[in-house]
Amino acid sequence: MLADVSIATGYVTIGSMLAGRLVFQYAGWTAAAAATPAVMALAGGAFFTLSLAAGAPGGGAPWTVLGLAPAAAGVAAGAVTQVFARAAKFSLFDPAKEMVYIEMDADEKAAGKPAVDLVGAQVGKSGASWVAQAALLAAGSMRAALPAFAVVYALVVGAWLVAVARLGRLMAAHDR
């Protein structure tokens, strides 16, 4: 299954990279930068909804989503989230992030790029680990911690979309 997700990620990323130029050209920087959190909101929302439904009372009931039991549909939604979010990150978000540095002078680049690439990435990864550990310790199991994970996920993706919109407005004002 993991190999299938990796292969699918590669194919979708190649397709996204080919289409990425058109996204930047016709939809603009903000749309390209917002693609990753938007994909994560939609696909991740499906994952959490299906996973929470599978764990709810009656979640084992004989209802299906596209012929799959709720838990299996949640796993499939998680795989789709992984494939499309990574493809959007590699093909749209990363180039959009690098475009921000073009507008900066040398001093801003020297301070901003390391802060984002090193500190931001590491704090994000370790922060996610701390949140996951805290939720697991507090709840006692993955199933019990899933609602907390869903709330944190929604807050982070929402903040990401707000930040992209704000930076898009700043970049548009700078280009005028």
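This structure is a prediction, so every number in the text was calculated from the model and none was measured.

A.B. asks: Before we go on, may I ask you to explain the pattern of salt bridges in this structure?
C.D. replies: When their charged atoms lie close together, side chains carrying opposite charge are able to pair. For the structure shown, the criterion picks out two salt bridges. Where aspartate 94 meets lysine 89, a salt bridge forms, and the shortest distance between an N and an O atom there is 2.9 Å.

A.B. asks: Any chance you could explain the nonpolar core here in plain terms?
C.D. replies: In summary, soluble globular proteins display a tendency toward joint burial of nonpolar side chains. Of all hydrophobic cores here, the largest spans twelve residues; its members are Phe24, Trp29, Ala32, Ala33, Ala34, Ala35, Leu92, Phe93, Ala96, Val100, Val164 and Met171. At the level of secondary structure, the elements contributing two or more residues to this core comprise α2 (29-55), α3 (70-102) and α5 (142-175). Looking at this core, the element that brings in the most residues is α2, giving five residues. Once residues lying within four places of it in the same chain are set aside, the contact partners of alanine 33 are Phe93, Ala96 and Val164.

A.B. asks: Help me out: how do you make sense of a nonpolar patch on the surface in this one?
C.D. replies: Judged by side-chain polarity, Ile7, Tyr11, Ile14 and Leu18 come together as a nonpolar surface patch covering roughly 490 Å² of accessible area. Among the structural elements, tyrosine 11 can be located in helix α1 (residues 2-27).

A.B. asks: Which parts of the structure should I look at to understand the packing of aromatic side chains?
C.D. replies: The geometry of an aromatic ring pair comes down to the distance between the two centres and the angle between the two planes. For the coordinates displayed, the defined rule picks out three aromatic pairs. Residues phenylalanine 47 and phenylalanine 48 carry aromatic rings whose centres are separated by 5.0 Å and whose planes lie at 70° to one another, so their mutual orientation is edge-to-face. For phenylalanine 47, a relative accessible area of 25% gives the class partly exposed. Through successive ring pairs, a cluster of aromatic residues spans Phe47, Phe48 and Tyr153.

A.B. asks: Can you walk me through helix α4 (residues 106-139) in this structure?
C.D. replies: Look at α4: 47 Å from first C-alpha to last across 34 residues, which is about the 50 Å you get at 1.5 Å a residue. Along α4, the sharpest change in direction is near 35° and occurs at alanine 115. The backbone nitrogen of aspartate 107 has a side-chain oxygen 3.1 Å away, supplied by the residue at the start of α4, namely aspartate 105. Glycine 140 lies just past α4 and shows a positive phi near 95°.

A.B. asks: Is there a simple way to think about the packing of α1 against α3 in this case?
C.D. replies: Describing two packed helices takes the angle between their axes plus the distance from one axis to the other. Running from N to C, α1 and α3 point in directions that differ by 40°, and their axes come no closer than 8 Å. As α1 packs across α3, the resulting crossing turns out to be right-handed. Contacts from Val5, Ala8, Thr9, Val12, Thr13, Ser16, Met17, Gly20, Val23 and Phe24 of α1 reach α3 at Ala79, Gln82, Val83, Phe84, Arg86, Ala87, Phe90, Ser91, Leu92, Pro95, Ala96 and Met99.

A.B. asks: Looking at this model, I keep getting lost on the side chain of threonine 13. Mind explaining?
C.D. replies: Among the structural elements, threonine 13 can be located in helix α1. Assessed through its relative accessible area of 9%, threonine 13 is described here as buried.

A.B. asks: Explain the packing of α3 against α5 to me, please; I cannot follow it from the model alone.
C.D. replies: Running from N to C, α3 and α5 point in directions that differ by 30°, and their axes come no closer than 13 Å. Taken together, the axes of α3 and α5 are roughly parallel relative to one another. Of the two possible hands of crossing, α3 and α5 adopt the one that is left-handed. Here Thr81, Phe93 and Val100 of α3 lie close against α5, whose contacting residues are Tyr153, Trp160, Val164, Leu167 and Met171. Partitioning the contact of α3 with α5 into residue classes produces seven nonpolar, one polar and no charged.

About the thresholds
Residues numbered from 1 in each chain as written. Predicted model: local features only at pLDDT ≥ 70, side-chain atom pairs only at ≥ 80, totals over all residues. Heavy atoms only, no water. Salt bridge = Lys/Arg side-chain N within 4 Å of Asp/Glu carboxyl O. Core = buried A, V, L, I, M, F, W, Y, C linked by side-chain atoms within 4.5 Å. Buried < 20%, exposed > 50% of the residue type's maximum accessible area, 1.4 Å probe, protein only. Helix = DSSP H or I, 4+ residues; strand = E, 2+ residues; numbered from the N terminus. Contact = heavy atoms within 4.5 Å. Patch = residues over 30% accessible without salt bridge, like charges linked within 9 Å, V, L, I, M, F, W, Y side chains within 5 Å. Areas by Shrake-Rupley, 256 points an atom, 1.4 Å probe, with all protein chains shown as cover. Phe/Tyr/Trp six-rings, centres within 6.5 Å; stacked < 30°, edge-to-face > 60°. Expected span 1.5 Å × (residues − 1). Bend = angle between axes of the 7 residues up to and from the residue. Polar contact = N/O pair within 3.5 Å; in protein donor to acceptor, adjacent residues only side chain to side chain. Axes fitted to C-alpha atoms, helices over the stretch in contact; angles between N-to-C directions. Left-handed = near helix turned anticlockwise from the far one by under 90°. Parallel < 35°, antiparallel > 145°, perpendicular 65-115°, else oblique. Nonpolar A, V, L, I, M, F, W, Y, C, P; charged D, E, K, R; others polar.

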